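Spelled out from the first residue to the last, the chains are:
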Amino acid sequence: MEQDVKTEWMEISPEEFRCDAFQVWGDNWLALAAGDFEEKRFNAMTVGWGFFGTMWAAPAVMVVVRPQRYTLEFLDEYSSFTLSAFAPEHREKLAFIGKHSGRGMPDKLAQAGLTPCAAKQVAAPAFREAELVLECRKTYRGQFTGKEFLEKSLVSRMYPERDFHVFLLGEVVRIAGVSKYVKP
Ligand SMILES: Cc1cc2nc3c(=O)[nH]c(=O)nc-3n(C[C@H](O)[C@H](O)[C@H](O)COP(=O)(O)O)c2cc1C
């Protein structure tokens, strides 16, 4: 796996990681990738909703994935995933993988102009074009249900098709990225 690791990324410990979470999730978006790079079986999609934080005394992320996403099949089959952030010039690539499904489009990532590469601690791929990657080991899978919502209007506003998100928590086992993600 080592030869494909992008060398200009720095290893970033959770303590020195610096990131504007609202901007990264809500404005810039992230690529969520799952599968196995070495097996050449993986897929990725854009995500705009989710969290970074601390859970069960470890650095963690939560992603939410609707049941119809092809990426969910890889998330369910494999034990890891990655989240990658990109500089603004790559926004069109994220827009592409957030619009087109890999189901029926096997070269979706290449068509988007993305180059998958090996991650270091997990089987799921990272991307050469990324400026930040969080490598995660799955720790929990759940699914929202209609009856648990306290803010009921979310059900009709966010789930008119009743396609409640699956949520996945992952322990962050590696952070790598460019220097802007390191505390000064
Ligand atoms: C900005 C943006 C954010 C998105 N966020 C999510 C998300 O958090 N969860 C989700 O299930 N889909 C989200 N999507 C939609 C998926 O990325 C999209 O349906 C994608 O084509 C799924 O690809 P796949 O079927 O190959 O997995 C988002 C799309 C965009 C453009």
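For clarity, every value in this text was computed on a predicted model and none was experimentally measured.

**Student:** I tried to follow the layout of surface pockets on my own but got confused; where do I start?
**Tutor:** Take a probe with the size of a water molecule and roll it over the atoms, and the empty space left behind shows itself. Space inside the largest pocket adds up to approximately 390 Å³. As for the largest pocket, its lining consists of 21 residues, and the residues nearest its centre are M45, T46, V47, R69 and G98. Elements with a contribution of two residues or more to the lining of the largest pocket: β3 (41-47), β5 (58-65) and α2 (70-77). Considering each element in turn, the lining of the largest pocket owes the most residues, 4 residues, to β3. Considering only residue class, the lining of the largest pocket consists of 7 nonpolar, 10 polar and 4 charged. Looking at the second largest pocket, its volume works out to about 300 Å³. If you go around the second largest pocket, you meet 13 residues; those closest to its centre are F22, W25, W49, G50 and F51. Elements with a minimum of two residues in the lining of the second largest pocket: α1 (21-28), β4 (50-55) and β5. Residue contributions to the lining of the second largest pocket peak at 4 residues, all from α1.

**Student:** Help me understand the UniProt feature "domain: Flavin reductase like" (unreviewed entry) in the protein in this model?
**Tutor:** UniProt annotation of "domain: Flavin reductase like" (unreviewed entry) refers to residues 39-175 when read in the numbering used here. Split by type, residues 39-175 is 19% helix and 39% strand. Its first and last C-alpha atoms lie 23 Å apart.

Parameters and conventions
Residues numbered from 1 in each chain as written. Predicted model: local features only at pLDDT ≥ 70, side-chain atom pairs only at ≥ 80, totals over all residues. Heavy atoms only, no water. 1 Å grid on protein atoms, 1.4 Å probe; cavity = no way out; pocket = protein on both sides within 12 Å on 5 of 7 lines; lining within 4 Å. Points joined across faces, edges and corners; volume = space filled by probe spheres on them. Helix = DSSP H or I, 4+ residues; strand = E, 2+ residues; numbered from the N terminus. Nonpolar A, V, L, I, M, F, W, Y, C, P; charged D, E, K, R; others polar. UniProt positions renumbered as here; feature names shortened; annotations may be inferred.

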